[in-house]
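Remarks on the overall topology
The residues making up each chain are set out below.
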Amino acid sequence: LLSAGSGITPLMAIAEDLHARGQASRVTFVHSCRTRDDLIFAARLEELARQWLAFDLRLHFSAASGRLNGASLAPLLQELGYCPALVCGPRGLV
């Protein structure tokens, strides 16, 4: 799952559904926003990361690290290998 800004909303619903169904294989959720204060669903994401062993939360704060792009995502994509992805966010991300 890859989102930026308010694009987190539909992917959060998918993450919640996977969690409710007991998804045991790894679910990596990468989200980008300007700062930690801008993180929508912050408390719930942190709760999922604590409770759900398969949930791999990766947060990217663009104010400190710049916007997500192919170069910044390359190491993660290399690590994950081929896998299905759902993406929601601004045109520059998608």
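Relevant structure appears above.
Here is a short report on the structure shown in this document. Computed from a predicted model, the values in this text were never measured in an experiment. Residues take numbers from 1 onward in each chain, read along the sequence in its written order. Local features are withheld for residues below a pLDDT of 70 in this predicted model, meaning they are given only at 70 or higher, and side-chain atom pairs are given and counted only at 80 or more; totals for whole chains, interfaces and linings count all residues. Heavy atoms throughout the structure, all of them, feed into the side-chain values; hydrogens and water do not.

Describing the overall build of the protein
Counting from the N terminus, the helices are DSSP H or I runs at least four residues long and the strands are E runs at least two residues long. Helix and strand content of the protein: 4 helices and 4 strands. Along the chain direction, N to C, the helices and strands of the protein fall in the order β-α-β-α-β-α-α-β. The globule rule used here is 2.2 Å times the number of residues to the 0.38 power, and the radius of gyration it is set against is calculated over C-alpha atoms. Its C-alpha atoms give the protein a radius of gyration of 13 Å, near enough to 12 Å, the size a compact globule of 94 residues would have. Whether a residue is buried, partly exposed or exposed follows from its accessible area with a 1.4 Å probe, protein chains only, as a fraction of its type maximum: under 20%, in between, or over 50%, in that order. A total of 94 residues make up the protein; the buried ones form 31% of that total. A contact between two residues is defined here by any heavy atoms of the two lying within 4.5 Å. Summarising the internal contacts of the protein: among those between residues at least 6 apart in sequence, 74% fall at separations of at least 24. Averaging the positions of the 9 positive and the 8 negative side-chain charges in the protein gives two centres separated by 5 Å. This count recognises Lys and Arg as positive and Asp and Glu as negative, with His and chain-terminal groups excluded. In this description, the location of a charge corresponds to atom NZ of lysine, CZ of arginine, CG of aspartate or CD of glutamate.

Section: the state of the cysteines
In this description, the term disulfide denotes a pair of cysteine sulfurs within 2.5 Å. Inspection of every chain in the model, using the stated rule, returns 0 disulfides. A disulfide-free cysteine, C83 has its sulfur positioned 17 Å from the sulfur of C88, the nearest such atom. A relative accessible area of 34% places C83 in the partly exposed class.

Let's talk about the sheet that holds strand β4 (residues 87–88)
Strands pair, by our definition, only if DSSP identifies at least two bridges between them. The 4 strands are arranged β3-β2-β1-β4 in an open sheet whose pairing can be described as parallel. With partners counted over all chains shown, the strands left at the sheet margins are β3 (55–61) and β4, one partner each. Across 7 bridges, the pairing between strand β2 (residues 27–33) and β3 is parallel. Its bridge partner being in β3, H31 is matched across the sheet by L59. In this analysis an axis means a line fitted to C-alpha atoms, helices contributing only their contacting stretch, and an angle means the value between N-to-C directions, from 0 to 180 degrees. The strands touched by helix α1 (residues 8–20) within the sheet are β1 (2–4), β2, β3 and β4, with β2 carrying the most contacts at an inclination of about 155°. Along the sheet, helix α2 (residues 42–51) contacts β2 and β3; its crossing angle with β3, the most-contacted strand, is approximately 145°.

A closer look at the side chain of H60
As for its placement among the helices and strands, H60 is situated in strand β3. Sequence-distant contacts of H60, that is, excluding residues within four places in its chain, are made with H31, S32, C33, S65, G66, R67 and L68.

Examining the nonpolar core
One finds L1, F29, L45, W52 and F55 to be the most contacted residues of the largest nonpolar core, which totals 14 residues. Elements represented by at least two residues in this core include exactly α1, β2 and α2. The element contributing the most residues to this core is α1, with 4 residues. When sequence neighbours within four positions are dropped, the list of residues in contact with W52 reads A15, L18, H19, Q23 and V27. Among the buried residues, those of types Ala, Val, Leu, Ile, Met, Phe, Trp, Tyr and Cys that are joined through side-chain atoms within 4.5 Å form a nonpolar core.

Topic: the packing of aromatic side chains
The criterion for an aromatic pair is that two Phe, Tyr or Trp rings (for Trp, the six-membered ring) have centres within 6.5 Å, with stacked assigned to planes under 30 degrees apart, edge-to-face to planes over 60 apart and tilted to the rest. Applying the stated criterion to the full structure yields 2 aromatic pairs. Arranged with centres 6.1 Å apart and planes meeting at 70°, the rings of F29 and F55 form a pair that is edge-to-face. Taken together, the residues span a long stretch of sequence, with F29 in strand β2 and F55 in strand β3 at a distance of 26 residues. Here F29 matches F55 in class, with each residue buried.

Looking at the environment of I40
Take I40: it is sitting in the loop between β2 and α2. For I40, a relative accessible area of 32% puts it in the partly exposed group. Once residues within four sequence positions are removed from consideration, I40 is found in contact with G5, S6, I8 and L45.

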